Amino acid sequence: MSQLEYNKLFIHDHLNSRELSEVYFSDPSPRGQLFLILEVPKNKVNQQPMIDQIIEALAHHFISSAQEDPEILLEEVLQELNQLLPDLSDNKIKNWLQTLDIVVGVIHQNNIYIASIGNIGALLIHNNQITQILEQNTDFNPTKIFTDIVSGELDTGDALIISTNALFDYISQEKIKRTIKKYTPQASITQFKQLLDTVPDFVTFNSVVLKYPSGRDLDIPNENIQVTIESDDEEDDGTIHVDKHDTTPRQDHHKKTRTKLVFDKSGLKNIKTVQV
């Protein structure tokens, strides 16, 4: 079971929002927990059945697969998406794939495996440093949409926030870092909601905060309590070394999977990108 704590920020006005947005978490299992964040601009065509079909397909494959390795299981889920999305795109809306923002991931113990397309951001928070581990991905091959998985193991006090772009437009990365470092995921989400209280209702926020508890994280027992987040001047010794590794095939039926990029960071273990 996962050793990580997580909480969702989902602010979405179904009537006034300019997007359709969904967040999904499977039930925890020994193989991990599947999650998905999806957002797409509204269109005259009803896209909700297409979104529902995506979630149902992923959930069914995750639950029914006999695969025990969470990384290979995510590869299988992404292959399912690579087959499904072009069929959905051909049916209704021109260039629909290029409008999608999707992140799919698996949480297993204190490991995270994620893949994305579109404008999805992921910030890794370690000590007093922020590292962007997902980049904008709108230029992809429509016949093989998901090609890379980013994976890694969080250490005590490390956190990851995965979000559509709106959150980063309204709250600075520094404010996000200070909040998540100081509080539990639940308390962090409470703080973000307070900061976003006056944002127009047509703006959607869809984010997930994951954290390996430090034992010193503060909680906010009541959402009505206003807490001030003070500046934090701790020095950070963490450095990032980017090493490109020789490619070696897996010793299983996924022969094309290979390690492409590794972030070696003090306190952060084996953050890597593999090809699907």
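All residue numbers here refer to positions counted from 1 along the written sequence of the relevant chain. Predicted model: local features are reported for residues with pLDDT of at least 70 only, side-chain atom pairs are reported and counted for 80 or more only, and whole-chain, interface and lining totals are derived from all residues. Side-chain numbers here rest on the full set of heavy atoms in the structure, without hydrogens or water.

S.K.: Describe the pattern of salt bridges, naming the residues involved and giving the relevant values.
M.R.: For salt bridges, the criterion is a side-chain nitrogen of Lys or Arg within 4 Å of an Asp or Glu carboxyl oxygen. On inspection of all chains with the given rule, the structure shows three salt bridges. For the salt bridge of Arg178 with Glu174, the shortest nitrogen-to-oxygen distance reads 3.8 Å. Placement of both Arg178 and Glu174 in helix α4 (residues 173–182) is noted, with a separation of four residues, approximately one turn of the helix. Arg178 gets classed as buried once you look at its relative accessible area, which sits at 15%. Secondary structure elements are defined from DSSP: runs of H or I of at least 4 residues count as helices, runs of E of at least 2 residues count as strands, and each element is numbered from the N terminus. Burial classes follow relative accessibility: with a 1.4 Å probe on protein chains only, a residue under 20% of its type's maximum area counts as buried, one over 50% as exposed, and anything between as partly exposed.

S.K.: Explain the sheet that holds strand β10 (residues 205–211) to me, and be specific about the residues and the numbers.
M.R.: As summarised here, the arrangement of the five strands in space is β1-β10-β9-β6-β7, forming an open sheet in which the pairing is antiparallel. At either margin of the open sheet sits one strand with a lone partner, and together these are β1 (5–11) and β7 (129–134). This sheet shows a mean twist of 20 degrees between the axes of neighbouring strands, independent of strand direction. Pairing between strands is defined by DSSP: at least two bridges between them are needed. As paired elements, strand β6 (residues 120–126) and strand β9 (residues 159–164) share six bridges and run antiparallel to each other. Looking at the pairing, Ala122 lines up with Ile162 of β9. Under this scheme, a helix contributes an axis fitted over its contacting stretch, all axes are lines through C-alpha atoms, and angles between N-to-C directions fall in the 0 to 180 degree range.

S.K.: Explain the packing of α4 against helix α5 (residues 185–195) to me, and be specific about the residues and the numbers.
M.R.: Axis separation between α4 and α5 bottoms out at 9 Å; the angle between their running directions is 145 degrees. Two packed elements cross with a definite hand, and for α4 against α5 that hand is right-handed. In this structure, α4 uses Lys175, Ile176, Thr179 and Ile180 to contact α5, whose residues at the interface are Ser188, Gln191, Phe192 and Leu195. Here a crossing is taken to be left-handed if its near helix is turned anticlockwise relative to the far helix by less than a right angle, and right-handed if that turn runs clockwise. Contacts were defined at the residue level, with two residues in contact if any of their heavy atoms lie within 4.5 Å.

S.K.: Provide a residue-level description of α5, including the pertinent values.
M.R.: Helical geometry note: an α-helix holds 3.6 residues per turn, so side chains three or four residues apart project in the same direction. Every buried residue belonging to α5 is among Pro185, Ala187, Ser188, Ile189, Thr190, Gln191 and Phe192, and all of these are buried. Against β1, β9, α4 and β10 lie the buried residues of α5.

S.K.: Lay out the nonpolar core in plain terms, naming residues and giving numbers.
M.R.: One finds Leu36, Ile54, Leu85, Trp96, Ile102, Val104 and Phe146 to be the most contacted residues of the largest nonpolar core, which totals 36 residues. Elements that contribute at least two residues to this core include exactly β2 (19–25), β3 (33–41), α1 (48–64), α2 (70–91), β4 (101–108) and β5 (111–117). Those residues within four positions of Ile54 in sequence are excluded, and the remaining contacts are Leu36, Leu38, Leu81, Leu84, Leu85, Leu88 and Trp96. Nonpolar cores were defined as sets of buried Ala, Val, Leu, Ile, Met, Phe, Trp, Tyr and Cys residues, with membership established by side-chain atoms within 4.5 Å. Ranked by size, the runner-up nonpolar core spans 21 residues in total, among them Ile107, Val150, Leu160 and Leu210.

S.K.: Can you lay out unusual backbone geometry for me, pointing to particular residues and giving the numbers?
M.R.: Although it is not a glycine, Gln109 adopts a positive phi angle of roughly 55 degrees. Positive phi, normally seen in glycine, also occurs at Asn127, with a value near 55 degrees. Considering the arrangement of structural elements, one finds Asn127 in the loop between β6 and β7.

S.K.: Any chance you could break down α4 for me, citing the residues and the numbers?
M.R.: Here α4 has its buried residues at Ile176, Lys177, Arg178, Thr179 and Ile180. Where α4 is buried, its residues contact β6, β7, β9, α3 (166–170), α5 and β10.

S.K.: Requested: an account of the pairing of β10, with residues and values cited.
M.R.: The buried count for β10 comes to seven of seven residues, which makes it a mostly enclosed element. The alternating pattern of β10 places Phe205, Ser207, Val209 and Lys211 on one face and Asn206, Val208 and Leu210 on the opposite face, and all of these are buried. The pairing of β1 with β10 spans seven bridges and is classified as antiparallel. Directly across from Phe10, in β10, lies its bridge partner Asn206. Where β9 and β10 come together, five bridges link them in antiparallel fashion. Bridging from a neighbouring strand, Ile161 pairs with Val209 of β10.

S.K.: Explain the pairing of β7 residue by residue, including any values.
M.R.: Two faces belong to every sheet, and in a regular strand the side chains alternate between them. Direction of pairing for β6 relative to β7: antiparallel, over a ladder of five bridges. The residue of β7 that forms the bridge with Leu123 is Gln132. Counted between consecutive antiparallel strands, the loop separating β6 from β7 contains two residues, among which Asn127 sits at a positive phi close to 55 degrees.

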